[in-house]
Amino acid sequence: MTHRLSVIFRVLKDLAELEKKSVSADTNYAIKENQIFFEAIKTIPGYIYWLIFHMPSLQKEKLLELTDFSLQHWDEEMHKKLIEIERKKIPGLIDPLVRRLFQYIIQHKHTKSPIFIADFGSGAMEVERQVITRLIQAKSTIPIIFIGIDNSSTVAQIAKKNLISVDNTIEIHERVTIDATTLQTICENTKHKYCVVLCTNNIFNKFFLKNSFPNNFFDLVFSSFVKHHLDASQKKELVNTALSLGKTVLEYDGYRSLLTMIPQTLVGWNNPVFFNAEIFSNLRFLHKRDIKRIQDPWKISFHRAAHYLAEYTK
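Residues numbered from 1 in each chain as written. Predicted model: local features only at pLDDT ≥ 70, side-chain atom pairs only at ≥ 80, totals over all residues. Heavy atoms only, no water.

This part takes up the sheet that holds strand β5 (residues 218–224). Each strand in a sheet pairs with its neighbour through backbone hydrogen bonds, running either in the same direction (parallel) or in the opposite one (antiparallel). Strands sit in the order β3-β4-β2-β1-β5-β6-β8-β7 across an open sheet of eight strands; the sheet is mixed. The outermost strands of the open sheet, each flanked by one partner alone, are β3 (171–175) and β7 (299–303). The average angle at which neighbouring strand axes cross in this sheet is 15°, direction not considered. Relative to strand β8 (residues 307–313), strand β6 (residues 246–254) is paired through seven bridges, and the arrangement is antiparallel. For L250, the partnering residue across the bridge sits in β8 and is E311. (Pairing = 2+ DSSP bridges. Helix = DSSP H or I, 4+ residues; strand = E, 2+ residues; numbered from the N terminus. Axes fitted to C-alpha atoms, helices over the stretch in contact; angles between N-to-C directions.)

This is the structure:
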């Protein structure tokens, strides 16, 4: 048996265990669709059949990716592959966001206080790693405090290793939760130009919005490939929280495109877990026409590989 098939069988075994514990109809639906997908991708003809005859009938608002089920080992595998893809110049998966963040920081080169940048759903923080790399190459002296907020402690450890790989002088703090007072204390005591705070605050908790930070506390708040993972109420809460806490807000995600499934298949076929994340994410993305309906003062730009960047500045 090939490694690829071995992974698929292990995934199917884990999904079967999840199915036994599930008590929600929506979760059952999501588990079942993952089982059907992983069964289909055992072979190319099976995958083609799934694309033609099964995919069109999917209830896309109920889909969950394998990594949404909080299975630690698969979460690690997907993020490691994602880091690898995000580092490639082609397709430049996160390049538009990295360039905008770098530009924003350089524009504030005369500020004396550290810039506070919060990442909602920070994942492995490859965006921050690439931004810091560019700042080092530009010999920037601007102090930055990056706040990575993600409810996965597993991903936080991946982020830590990922950041240290670019510069072992980056100061990294790990906290279960963070608030304005704690951040200010860290800021006052740090002796490093780049400081990263990793925490697991729940951004959907009203306490986080009302009591942890005052309005406009962060200079910039951004999210990357997060919004499509959320239901309608969570999407609204994410945007409202970001707008309340950030002076500038960036939202980076994809838009639905059947054509991108071709390169996604070529890139992901030999890594079934990452492949699942690619295809199911694509199906959960908004259509481009729906993104265009976002009203001013948001500025929307569309980029290759079917991604968009939305920006709001107060």
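Bringing the packing of aromatic side chains into the picture now. Under the definition given, this model contains 17 aromatic pairs. Pairing F217 with F218 gives two aromatic rings, centres 5.1 Å apart and planes at 90°, and the pair type is edge-to-face. Judged by relative accessible area, F217 falls into the buried class, the value being 12%. Taken together, the ring pairs connect F37, F38, Y47, W50, W269, F275 and F280 into an aromatic cluster. The ring centre of F302 lies 4.8 Å from the NZ or CZ of K288, which sits over that ring. (Phe/Tyr/Trp six-rings, centres within 6.5 Å; stacked < 30°, edge-to-face > 60°. Buried < 20%, exposed > 50% of the residue type's maximum accessible area, 1.4 Å probe, protein only. Lys NZ or Arg CZ within 6 Å of the ring centre and 35° of its normal.)

Another aspect to go through is the pairing of β7. Here β7 runs beside β8; their pairing, made up of five bridges, is antiparallel. Bridge pairing links K299 to E311 in β8. What sits between β7 and β8 in their antiparallel hairpin is a turn of three residues, with A305 showing a positive phi close to 65°.

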